[in-house]
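# Structure at a glance
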Amino acid sequence: MSDLANFREETRAWLAENCPPGARGPGPVSNGSTKITIKDADTLLWLERMVEKGWTVPNWPTAYGGGGLSNDQYLVLLEEMAAIHARPALSSFGTSMIGPTLLEFGTEDQKQRHLPPIARAELEWCQGYSEPGSGSDLASLSTRAEDKGDHYLINGQKIWTSGAHHADWMFCLVRTDADAPKHEGISFVLLPMDQPGVEIRPIRLISGESPFNETFFTNAIASKEDLVGELNQGWTVGKRLLQHERSGMESLVSGGAKGEVMSLVGEAKRSFGDQQGRIADGAYRSQVLKYEMDNRVFRMAQRRAVEESEGGTPGAVTSIFKVYGSELQQAYYDLLLKMRGTRGFPDTITDKGADNGQFSDKELMDTKQWLYYRAASIYSGSNEVQRNIIAKRVLGLPD
Ligand SMILES: Cc1cc2nc3c(=O)[nH]c(=O)nc-3n(C[C@H](O)[C@H](O)[C@H](O)COP(=O)(O)OP(=O)(O)OC[C@H]3O[C@@H](n4cnc5c(N)ncnc54)[C@H](O)[C@@H]3O)c2cc1C
């Protein structure tokens, strides 16, 4: 038997024994934040076991708390987890964004200090990129960082900072040279959130939730040891982090970070009936079929790109994943709610779901997700901007 076949067998056996029933299928996933308590016992047990194995970050080096898996082994692990609908044990800005970026650009000291706590789910990060007036044109950002000897003093404002209220640390783009051309005066720094110079104000969404914030810096401090890459060269680091963000590699596990299986066949059969294995309504059958095929093709293309990049995050091609993946997420919820008819429109702010509401918890949650995913074509850089990147950097079209 080949080494990989052996690895598959061992992994399957280990997962069968160690992935508790409550960690399979949709449910909570830790993001490591010290400010969120997960109460579900199986979710916690799963996290503990995966941390011990290094499989919260399976392809990171073992020296930083990872599993040290090769690309092939990593893909086998993802397949075996998907086969039993195992949720990822940890899904965070740390594992998917700043961690891979530090592996590429961090000093040894930065890797030693920041990577193991991410792998062990001991803290969560947030992303300080966007500012009022600097979203798509991110390089125009104006939050200033002044050199004060052993630290930088930061003043300015960020916006749309997802999870800032739960985050322990922020990775942040700041202007360190106001006179340089705009892409050349930016640096990439790391700073703790719990300090007097950082103030967070929540922004409320149409779904009734406040998953993101305005973040204000008034003499906030970032240690010089936490400058990532060279001074004034932060744009290169920041852009690479966006590619890690846009790769959506985590969705290779079970279809979604929370272990959602993004298939509509079951729901369509429940809504319209099952006619010898087929969705009874012909019109919905073809719409669901189209969605399922698009989804399958997307996952295969994404996987091929990951294989070709030998385990690392692909480059500008990640913009294709971002555009197509976000449009698929929107198509999934559009079709799901259409199939539900009037059951698709609970009042997401006041309805309490099964707990005294008129709609089930699942109906309420799906409608919230439908509203939330309207933002998918905006966050991580809008889809229009991704199309510009695809035109220039993937297809090589002229400016
Ligand atoms: C749910 C959510 C979470 C987010 N989380 C974070 C976070 O954690 N941290 C963070 O820093 N930011 C975050 N963002 C911000 C996000 O990155 C920006 O919203 C996004 O980059 C767009 O910037 P903007 O909102 O300023 O829109 P604008 O840049 O003002 O764009 C407005 C419109 O113009 C279009 N447009 C702009 N320039 C061009 C162009 N050159 N060609 C074609 N069309 C163009 C855009 O596509 C868009 O439709 C989040 C956003 C959302 C919605």
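Calculation rules
Residues numbered from 1 in each chain as written. Predicted model: local features only at pLDDT ≥ 70, side-chain atom pairs only at ≥ 80, totals over all residues. Domains from an automatic or database assignment. Contact = placed C-beta atoms within 7 Å. Helix = DSSP H or I, 4+ residues; strand = E, 2+ residues; numbered from the N terminus. Nonpolar A, V, L, I, M, F, W, Y, C, P; charged D, E, K, R; others polar. Near = placed C-beta within 6 Å. Core = buried A, V, L, I, M, F, W, Y, C linked by C-beta atoms within 7 Å. Buried ≥ 20, exposed ≤ 12 C-beta atoms within 10 Å, placed from the backbone. Pairing = 2+ DSSP bridges. Expected span 1.5 Å × (residues − 1).

Another aspect to go through is the domain arrangement of the protein chain. For the protein chain, the assigned domains read domain 1 (3–100), domain 2 (125–232) and domain 3 (262–394). Computed from C-alpha atoms alone, the centre-to-centre distance between domain 1 and domain 3 is 24 Å. Taken together, the contacts link six residues of domain 1 with four residues of domain 3. Counting residues per element, the side of domain 1 that touches domain 3 draws most heavily on helix α3 (residues 71–83), at three residues. Grouping the amino acids of the side of domain 1 that touches domain 3 by side-chain chemistry returns three nonpolar, three polar and no charged.

Here the focus is the site of the ligand. In the vicinity of the ligand there are 18 residues, among which Tyr 129, Gly 135, Ser 136, Ser 162 and Ser 382 approach most closely. At the level of elements, β1 (125–128), β3 (151–162) and α11 (383–394) are the ones that each hand at least two residues to the shell around the ligand. Residue classes in the shell around the ligand are distributed as eight nonpolar, nine polar and one charged. When residues of the shell around the ligand are assigned to domains, at least three fall in each of domain 2 (125–232) and domain 3 (262–394).

Further remarks concern the nonpolar core. The tendency in soluble globular proteins is for nonpolar side chains to be buried as a group. Trp 125, Trp 169, Met 170, Val 189, Leu 191 and Ala 222 are the most contacted members of the largest nonpolar core, which has 59 residues in total. Here the element with the most residues in this core is strand β4 (residues 169–175); it accounts for six residues. A domain split of this core shows at least three residues from each of domain 1 (3–100) and domain 2 (125–232). If you look at the next biggest cluster of nonpolar residues, it comprises 10 residues, including Ala 268, Val 288, Tyr 291 and Tyr 333.

Further remarks concern the pairing of strand β5 (residues 186–192). Within a regular strand, the side chains alternate between the two sheet faces. Within β5, six of the seven residues are buried, which leaves it mostly tucked inside the rest of the structure. Pairing analysis gives seven bridges linking β4 to β5, with the strands arranged antiparallel. For Phe 171, the partnering residue across the bridge sits in β5 and is Leu 190. Pairing of β5 with strand β8 (residues 227–228), which is carried by two bridges, proceeds in the antiparallel orientation. Considered in β8, the bridge of Val 189 is made with Leu 227.

Tracing the sequence through the fold places Glu 17 in helix α1 (residues 3–18). Taking the C-beta count within 10 Å as the criterion, Glu 17 has 9 such neighbours and is therefore assigned exposed. Residues Glu 17 and Leu 69, spaced 52 residues apart in sequence, show a C-alpha to C-alpha distance of 20 Å.

Bringing helix α9 (residues 318–340) into the picture now. Given 3.6 residues per helical turn, the α-helix brings residues three or four places apart onto the same face. In this model, α9 (23 residues) spans 33 Å end to end at C-alpha, consistent with the 33 Å of a helix rising 1.5 Å per residue. The positive-phi residue at the C-terminal boundary of α9 is Gly 341, with phi of around 60°.

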